[in-house]
Amino acid sequence: MFELEVLHTQFGDKKRSYDTTTEKGRQSAALFINKLMKSGTAILLERGKKTYYVKGYDAEKDVLIVTVEKNGEAKQVKAKGKKSKAVAVPRVAGGR
Amino acid sequence: MAAHPIPLYQGDDWDKLSDRTVEDIFTEEYCKIFKIDIEQFSASQEMSERFEGLALRTVRSTDMINEISNEIAIKYDFPYGIALPAISNDNSEITSPVLARGTPMAHVNIVDRVTEYAQRLRVKGVQIRNSWEALGDKSISVVNSTDGPMAIWEYHAGNRVRKFMDSLQARMDSTMSVESEEKAIALLKTKISASQYRCYMLNGAFPESSKRSPGIFYFFRKGLPVVVISFNKVQSGKILCCLCIHPYGYYEYTTAGVMCPTDEVIAQLLLMRANEHKFWAKSGQWQASDPRACL
């Protein structure tokens, strides 16, 4: 199961759940994640004490691709998509 | 010679086209020139038509407006809804939200480094030569006048009060609800420690240390910019700056974002935890003396 909490201007947040055990669930999760990525949304995945930027979702392997900062360099590793909870934050405006 | 962007209809050709075709041609060109997504443009058109219909009805409420914007958001698949202007607000300066580029219904977002006082004067058509914040709690702007350059100023205390009042008004006139804030608080509770949660509920703010730079603490405040304090060389702490960042957008000249305050805190917290460098880069950075720091 993959859960995504999308911050919403009217409802606080809207939860989207995808059953990644089925092909259909994985496909729709991949579709939605791709759409969010294209619109510049930051998907932030929390694992233990660390928070990662999600860079994509591999529907075939059911894994989330995240960026890890190591020695100042960013490299991509794969995190299991199952039982993952992530938050989608829309593009930000530096305010005043 | 470069191809003309609009098909070259000549003479009576335009008269032969249906109104719909002409409208489509101009819509497409308008969207191309201003780099607007056609689907978003259609959404805004539909929303404006439906609001127009609502305006003609004798019974109408803000709930109806919220319902329409929610229906449009679902129809056009805008995952985080549509931010609306602070509707009952008469102050034209804070009516429209400033939205992040590329988000649904985004307005033009102009971020420059003049003082807030100069920004407000510029909106009124005053030509600004220079502007700065002065010690002694005031903002100074040098403006052009018929008698040459002239310095005018505004005291920060008055500005702070106005900002505070405008923020209250913007939130009250926006689509935010108590339920959305409660939902956001419940989500925040799952992301922070019990002690941080207690601090947030009692004080409206909580600290979190920087993973990247030891001795630096971020103070996340409800509905206000994040304060960054260094305890490295000064035992009592030294304010490095205040970081102002809003997911989706904010109401200009206020501290109110288009999302409920705790949703903004969640976004700020997670962005900071994921990548501090990026978090700073994306934020508006204000020094402690600037009224936009809200200290």
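Our structure's up above, just so we're on the same page.
K.L.:
A description of a negative patch on the surface should follow, citing residues and the corresponding values.
P.N.:
Residue and element names in this part refer to chain B. On the surface, Asp-19, Glu-23, Glu-49 and Glu-52 cluster together into a negatively charged patch. Among the secondary structure elements, those contributing two or more residues to the negative patch are α2 (19–33) and α3 (38–55). Within the element layout of this structure, Glu-52 appears in helix α3. Classification of Glu-52 as exposed rests on a relative accessible area of 54%.

K.L.:
Explain the packing of helix α8 (residues 178–189) of chain B against helix α9 (residues 194–203) of chain B residue by residue, including any values.
P.N.:
Residue and element names in this part refer to chain B. Contact geometry for α8 and α9: axes closest at 10 Å, N-to-C directions at 150°. In this view, α8 runs roughly antiparallel relative to α9, as classed from their interaxial angle. Judged by residue contacts, Glu-181, Ile-185, Leu-188 and Lys-189 of α8 engage Tyr-197, Tyr-200 and Met-201 from α9. Of the residues in the contact of α8 with α9, the class split is five nonpolar, no polar and two charged.

K.L.:
Report on the pairing of strand β5 (residues 205–209) of chain B, specifying residues and quantitative values.
P.N.:
Residue and element names in this part refer to chain B. Note that β5 and strand β6 (residues 216–221) share five bridges and pair antiparallel. In the sheet register, Pro-207 faces β6, and the bridge partner there is Phe-219. Hairpin connection between β5 and β6: a loop of six residues separates the two successive antiparallel strands, and Gly-215 in this loop has a positive phi of roughly 90°.

K.L.:
Hey, could you go over a nonpolar patch on the surface for me, with residue numbers and the actual values?
P.N.:
Taken together, the side chains of Val-161, Phe-164, Met-165 and Leu-168 of chain B define a hydrophobic patch exposed on the protein surface, amounting to about 400 Å² of accessible area. Note that Met-165 of chain B resides in helix α7 (residues 156–173).

K.L.:
Before we move on, can you summarise the packing of aromatic side chains with the specific residues and values?
P.N.:
For the structure on display, the rule yields eight aromatic pairs over all chains. Look at Phe-217 of chain B and Phe-231 of chain B: their rings are 5.7 Å apart centre to centre, the planes differ by 85°, and that puts the pair in the edge-to-face class. One end of the pair, Phe-217 of chain B, is in strand β6; the other, Phe-231 of chain B, is in the loop between β7 (226–230) and β8 (238–247), and 14 residues separate them in sequence. Positioned above the aromatic ring of Tyr-53 of chain A, the side-chain terminus of Lys-278 of chain B is 4.1 Å from the ring centre. Positioned over the ring face of Trp-286 of chain B is Arg-292 of chain B, at 4.0 Å from the centre of the ring.

Parameters and conventions
Residues numbered from 1 in each chain as written. Chains lettered and ligands numbered in written order. Predicted model: local features only at pLDDT ≥ 70, side-chain atom pairs only at ≥ 80, totals over all residues. Heavy atoms only, no water. Patch = residues over 30% accessible without salt bridge, like charges linked within 9 Å, V, L, I, M, F, W, Y side chains within 5 Å. Areas by Shrake-Rupley, 256 points an atom, 1.4 Å probe, with all protein chains shown as cover. Salt bridge = Lys/Arg side-chain N within 4 Å of Asp/Glu carboxyl O. Lys, Arg positive; Asp, Glu negative; His and termini not counted. Charge placed at Lys NZ, Arg CZ, Asp CG, Glu CD. Helix = DSSP H or I, 4+ residues; strand = E, 2+ residues; numbered from the N terminus. Buried < 20%, exposed > 50% of the residue type's maximum accessible area, 1.4 Å probe, protein only. Axes fitted to C-alpha atoms, helices over the stretch in contact; angles between N-to-C directions. Parallel < 35°, antiparallel > 145°, perpendicular 65-115°, else oblique. Contact = heavy atoms within 4.5 Å. Nonpolar A, V, L, I, M, F, W, Y, C, P; charged D, E, K, R; others polar. Pairing = 2+ DSSP bridges. Phe/Tyr/Trp six-rings, centres within 6.5 Å; stacked < 30°, edge-to-face > 60°. Lys NZ or Arg CZ within 6 Å of the ring centre and 35° of its normal.

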